[in-house]
Amino acid sequence: ARGQKAGPAPTKFRKGACENCGAMTHKAKDCVERPRKTAAKYSGKDLQADEVIVECNLNYSGKRDRWNGYDPSAHKKHVTEYELQEAERKAV
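Owing to the predicted nature of the structure, the values given are computational and were not obtained by experimental measurement.

How each quantity is defined
Residues numbered from 1 in each chain as written. Predicted model: local features only at pLDDT ≥ 70, side-chain atom pairs only at ≥ 80, totals over all residues. Heavy atoms only, no water. Helix = DSSP H or I, 4+ residues; strand = E, 2+ residues; numbered from the N terminus. Rg over C-alpha atoms; globule rule 2.2 N^0.38 Å. Buried < 20%, exposed > 50% of the residue type's maximum accessible area, 1.4 Å probe, protein only. Phe/Tyr/Trp six-rings, centres within 6.5 Å; stacked < 30°, edge-to-face > 60°. Lys NZ or Arg CZ within 6 Å of the ring centre and 35° of its normal. Salt bridge = Lys/Arg side-chain N within 4 Å of Asp/Glu carboxyl O. Contact = heavy atoms within 4.5 Å.

Draft legend 1. Just the overall build of the protein, in detail. When helices and strands are counted, the protein shows three helices and two strands. N-terminal to C-terminal, the α/β element order of the protein is β-α-β-α-α. Radius of gyration (C-alpha) of the protein: 21 Å, far over the 12 Å computed for a compact globule of 92 residues. Along the first, second and third principal axes, the C-alpha atoms of the protein reach 60 × 40 × 25 Å. Every one of the 92 residues in the protein was classed for burial, and the buried ones make up 17%.

Draft legend 2. Expanded view of the packing of aromatic side chains. Going through the model one piece at a time under the given rule, you end up with one aromatic pair. For the cation-ring pair, arginine 64 lies above tyrosine 60, with the distance from its terminal atom to the ring centre recorded as 3.8 Å.

Draft legend 3. Spatial organisation of the pattern of salt bridges. Under the criterion given, the structure shown has five salt bridges. Between arginine 36 and glutamate 33 there is a salt bridge, with the nearest N and O atoms lying 3.5 Å from each other. By sharing partners, the salt bridges in this structure join Glu33, Arg36 and Asp46 into a single network.

Draft legend 4. Structural detail: the side chain of arginine 36. Take arginine 36: it is sitting in the loop between strand S1 (5-6) and helix H1 (40-43). Not counting the four nearest positions on each side in its chain, arginine 36 is found in contact with Asn20, Cys21, Lys45, Asp46 and Gln48.

Draft legend 5. Here's a closer look at unusual backbone geometry. Positive phi, close to 55 degrees, is recorded for aspartate 46, a residue that is not glycine. If you trace the backbone, aspartate 46 turns up in the loop between H1 and strand S2 (50-51).

Draft legend 6. Expanded view of the environment of alanine 39. Mapping alanine 39 onto the fold places it in the loop between S1 and H1. Note on alanine 39: relative accessible area 18%, which makes it buried. Along the primary structure alanine 39 and glycine 22 are separated by 17 residues, whereas in three dimensions their C-alpha atoms are 8.7 Å apart.

Right, dumping it as structure tokens:
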């Protein structure tokens, strides 16, 4: 999911990349990094790798579904972890 990178970071600035961080997947206007003192376009240092963009074809209500991507097994893992901590706390 979120925050995955597509391959290694480039070694030099590529034409059409974000002027702030150097990723090809967005422009400087949409960049989530804070604005750099010297943009990657001019410095060529610390260029970021491209992000993986997942295309989701959802309808109007599907886009706004707050449970989209919810995994009940992850919640169950947290609950069992909490129960183990509670049992440990009560034993002490």
